[in-house]
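Understanding the architecture of this molecule
Here is how the chains run, residue by residue.
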Amino acid sequence: MTATDAWPAAVAAGRRRDYSTVLAPDVLADGYGVLVEALSPGPVGGPPRLRTLGGGRFTVAYVTHALTTADLGEPGAPRPLRDEQSRPLLMMCGLVRAGTTSTPPRESDLDGARRVALAAYRHFLAGEEAFRALPSRAVPVDWPGGVPAATPARDRRFGRAGVAAALVVLVALVGWFFLRSGGETAPCAPATAVVVASPAPATCPPTTGKPGR
Amino acid sequence: MDLIALALVAVAVMAVVVLVRRGRRPSKPAAAPPRGDDGVPTFRVVTLGPRGSGKTLLLASMYHQMQTWGGRGYFLAAPREQVALLNHWFTEVEDPGRDWPAGTATADTREFAFDVRTRGGSGGLHTVLKLVYLDYAGALLTQPPEPGSTLWKDLDDRIEAADALVAVIDGHRVRQWIDGKREGRMGLQHALTAMISRMLVVEKPVTFVITKWDLLRDIDVDEDSRLRTVRKLLMSNQGFRDLVQEHSGRRVVRLVPVSAVGPAFAELDESGAMTKLPDGLLEPTNVDVPIAAVVPDVFEQIMLRLDQAKLAAEFDRLRRQTRRPPGEAFADLGATLIRSTNRVIGALNPIYSSLVGLAAADLIRRQEQTAAAHEANVSRLLDDAESHIEEFQLAQRKVIREFRSRVDVLEGRLSSSRLGGTP
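The rules behind the values
- Residues numbered from 1 in each chain as written.
- Chains lettered and ligands numbered in written order.
- Predicted model: local features only at pLDDT ≥ 70, side-chain atom pairs only at ≥ 80, totals over all residues.
- Helix = DSSP H or I, 4+ residues; strand = E, 2+ residues; numbered from the N terminus.
- Buried ≥ 20, exposed ≤ 12 C-beta atoms within 10 Å, placed from the backbone.
- Contact = placed C-beta atoms within 7 Å.
- Axes fitted to C-alpha atoms, helices over the stretch in contact; angles between N-to-C directions.
- Parallel < 35°, antiparallel > 145°, perpendicular 65-115°, else oblique.
- Left-handed = near helix turned anticlockwise from the far one by under 90°.
- Nonpolar A, V, L, I, M, F, W, Y, C, P; charged D, E, K, R; others polar.
- Pairing = 2+ DSSP bridges.
- pLDDT = per-residue confidence, 0-100.
- Core = buried A, V, L, I, M, F, W, Y, C linked by C-beta atoms within 7 Å.
- Arc of directions from axis to C-beta.

Attention now goes to the overall build of chain B. Within chain B, the regular secondary structure consists of 15 helices and 10 strands. When each of the 423 residues of chain B is scored for burial, the buried share is 43%. Contacts in chain B between residues far apart in sequence, at least 24 positions, make up 75% of those at least 6 positions apart.

Set out below in structure tokens:
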């Protein structure tokens, strides 16, 4: 058992409106457009597909569902729902979780997400033109994986610059020490002193004062 | 000791400089789409059209028809995975026992790259042109963007970078409008507004394609009359009228009726749904014209923008330079024409120069067909050129002439198909 939190999500086409986000995680309220740009229909009834979102911050696992009259609760034998051009309507629905994984969630969890998605789809179909994606809340699911996203390149760049800056400071301090003292070792500063207040040789034990920001 | 310290400081400073510069170096730009790579000019086509207007089906049907010679002097080739996808879509349509394909999802926005291939005089196959065709979900054109999405902006960028635009008008909506149904008029007006607002700001050749032409087969007695009826209907839209009237002197605008399935394959049932006939016959109509029109229209638009006196002078210069290798002379002419129109057709790669020169010569010849003396001169010049220009250029020219001829045949048959940019 690998319990984690995941959010139901769905993208579907309407009778008049094109593929739109129908249900999106509440944590993506300001950027749920990534779903409609990432979820591409697969074979109906096929295995779950996995896509990463937001540069690896999230993973979505979804299946493709051909919508029928039964999904709307209409009586009788299920008939395919169609758009104004007589084309079958599809819905991609599944779960979104934080981090990346190559393992899909359990089928029962995906079934649960589909039920939530279908409820949202009925709202969508009732008022397509003015519809905005409904927010979904996280639910506990059994879904292994969830490696945190890799550090973005921008952060790595700043990290590299930081290391370089530290190196310069270190070398400058060493150079300054040799230039200033002519090779004599100054007495060590007290352990509680702040470095900038009392310059100490590099060979002294580290101080315990909190580094300033 | 001092020297060691100074050296250490210098090394450290250099290390910082190197690290920071490496960090600031711009990341490798996204792979730029091919443009004139390996000496073959690439023409980019963006098809604008609302949801369900038939963009993808037109693409699949067009490729199905043009992937073999089919009586033409050229055919289209595409990467294997794209061929598989296009043929899959076409098979879904073709099979009367299967449903219509579902709409294109926003995530399925993709470019198709076609090589236009022909056989040269020695029997070898040449790729003489490349056509890049964008397929996308109609939502990107007509629906407001969702928060955080980027493809809307991407579509605008691609329209800006295109060499020619194909605007798809849903024949089903036209049919509904003619039948007095409100959804037809509203749907068409909405789509035209969305398309034309983008087309007005970029001056590219435009081919308006009326899809599902088979649904309009009974609105008038013959095909040209039917097209006139639809044209009149479209001209009642302010934006469409503006585009045709205001821009007709500066850009090529066409109206081409097409059917990806033909007149005997599907029909509207009592509920207004499109149903495949059990023994329907698939006979696509005019699906090759929008693609065939791209290259001649790009050249023709260059010609429309030229100072005609300057063009005549350039052409006279070419006539006097019969001692120069003709390939070089045409390339020179083409380069001059591109420079002349650079502010308008700024995206044209210099690699096009030879091609533009050849196309200019062809157009000049067409314009001068009534003047027998000039005709003789031009023909002799072109004949001389043909005997010297390398096989590749001849093959290229042959294809451009065939493209031109395909468009001419349509214009000859349907006079209403030319809306603007009359040569």
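There's plenty left to go through after this.
For chain A, the count of helices and strands is three helices and seven strands. Mapped from its N terminus to its C terminus, chain A presents α and β elements in the order β-β-α-β-β-β-α-β-β-α. Looking at chain A as a whole, 32% of its 213 residues qualify as buried. For chain A, long-range pairs separated by at least 24 residues make up 63% of all intrachain contacts whose partners lie at least 6 apart in sequence.

This part is about the packing of helix H6 (residues 171-178) of chain B against helix H7 (residues 182-199) of chain B. All names here are of chain B. Where H6 meets H7, the closest approach of the two axes is 6 Å, and the angle between their N-to-C directions is 135°. With respect to H7, the axis of H6 lies oblique. Once H6 is placed against H7, the crossing between them reads as left-handed. Counted together, Arg 173, Val 174, Arg 175, Gln 176 and Trp 177 of H6 and Glu 183, Gly 184, Arg 185, Gly 187 and Leu 188 of H7 form the full contact between these two elements. Taken together, the residues of the contact of H6 with H7 break down into three nonpolar, three polar and four charged.

Once that is clear, we can look at the environment of Pro 105 of chain A. Residues and elements named next belong to chain A. Turning to its location among the elements, Pro 105 is positioned in the loop between strand E5 (90-98) and helix H2 (107-126). Among the residues examined, Pro 105 registers 25 C-beta atoms within 10 Å and is labelled buried. Note: C-alpha distance between Pro 105 and Val 141 (36 residues apart in sequence) is 7.5 Å. Those residues in contact with Pro 105, other than ones at most four positions away along the chain, are Ala 6, Ala 61, Leu 95, Leu 110, Val 141, Asp 142 and Trp 143.

So, on to the pairing of strand E1 (residues 42-48) of chain B. Taken residue by residue, a regular strand's side chains alternate between the two faces of the sheet. All names here are of chain B. Counted residue by residue, E1 has seven buried out of seven residues, so it is predominantly covered. Burial along E1 is two-sided: the residues Thr 42, Arg 44, Val 46 and Leu 48 and Phe 43, Val 45 and Thr 47 are all buried. Across five bridges, the pairing between E1 and strand E4 (residues 125-135) is parallel. For Val 45, the partnering residue across the bridge sits in E4 and is Tyr 133. One ladder, built from four bridges, connects E1 with strand E5 (residues 164-169); its direction is parallel. Each bridged residue has a counterpart across the sheet, and for Leu 48 the counterpart in E5 is Ala 167.

Residues and elements named next belong to chain B. Summary statistics for chain B give a mean pLDDT of 80 and a share of 69% for residues scoring 70 or more. Across chain B, the secondary-structure element scoring lowest on mean pLDDT is helix H14 (residues 372-388), at 53, and the one scoring highest is strand E2 (residues 74-77), at 96. Counting contacts from residues 342-351, a segment whose pLDDT is below 50, to residues more than four positions away or on other chains yields 14 contacts. Scored as a complex, the prediction yields pTM 0.72 and ipTM 0.70.

With 140 residues, the main nonpolar core has Ala 10, Ala 12 and Ala 117 of chain A together with Ala 167 of chain B as its most contacted residues. Residues within four places of Ala 167 of chain B in sequence aside, it is in contact with Leu 48, Gly 49, Met 195, Met 199, Val 206, Phe 208 and Val 209 of chain B.

Glancing now at the packing of helix H2 (residues 55-66) of chain B against helix H3 (residues 80-94) of chain B. The axes of two packed helices give the description: the angle between them and the distance between them. All names here are of chain B. Two numbers describe how H2 lies on H3: the axes approach to 9 Å, and their chain directions differ by 105°. In terms of orientation, H2 lies roughly perpendicular with respect to H3. Counting all contacts with H2, which are made through Thr 56, Leu 57, Ala 60, Ser 61, Tyr 63 and His 64, the residues of H3 involved are Leu 86, Trp 89, Phe 90 and Val 93. Its residues assigned to classes, the contact of H2 with H3 comprises seven nonpolar, three polar and no charged.

Okay, the sheet that holds E5 of chain B next. All names here are of chain B. Spatial ordering of the open sheet is given by E2-E3-E4-E1-E5-E6-E7-E10, a layout of eight strands whose pairing is mixed. The open sheet is flanked by E2 and strand E10 (418-420), the only strands paired with a single partner. Each strand of the sheet is rotated relative to its neighbour by a mean of 25°, with strand direction disregarded.

The subject of this paragraph is the environment of Ser 86 of chain A. Along the chain, Ser 86 of chain A turns up in the loop between strand E4 (58-66) and E5. Look at Ser 86 of chain A and you get buried, because 20 C-beta atoms sit within 10 Å. The sequence separation of Ser 86 of chain A and Arg 15 of chain A amounts to 71 residues, and the corresponding C-alpha distance is 9.1 Å. In contact with Ser 86 of chain A, not counting residues within four places along its chain, are Trp 100, Ala 273 and Met 274 of chain B.

Bringing helix H9 (residues 238-247) of chain B into the picture now. All names here are of chain B. For H9, every residue scored as buried is listed here: Phe 240, Leu 243 and Val 244. Projection of H9 onto a plane perpendicular to its axis shows the buried side chains occupying an angular sector of 90°, all on one side. Along H9, exposed side chains directed more than 90 degrees from the buried face belong to Gln 238, Asp 242 and Glu 246. Contact partners of the buried residues in H9: H7, helix H8 (223-235), strand E7 (253-257) and E10.

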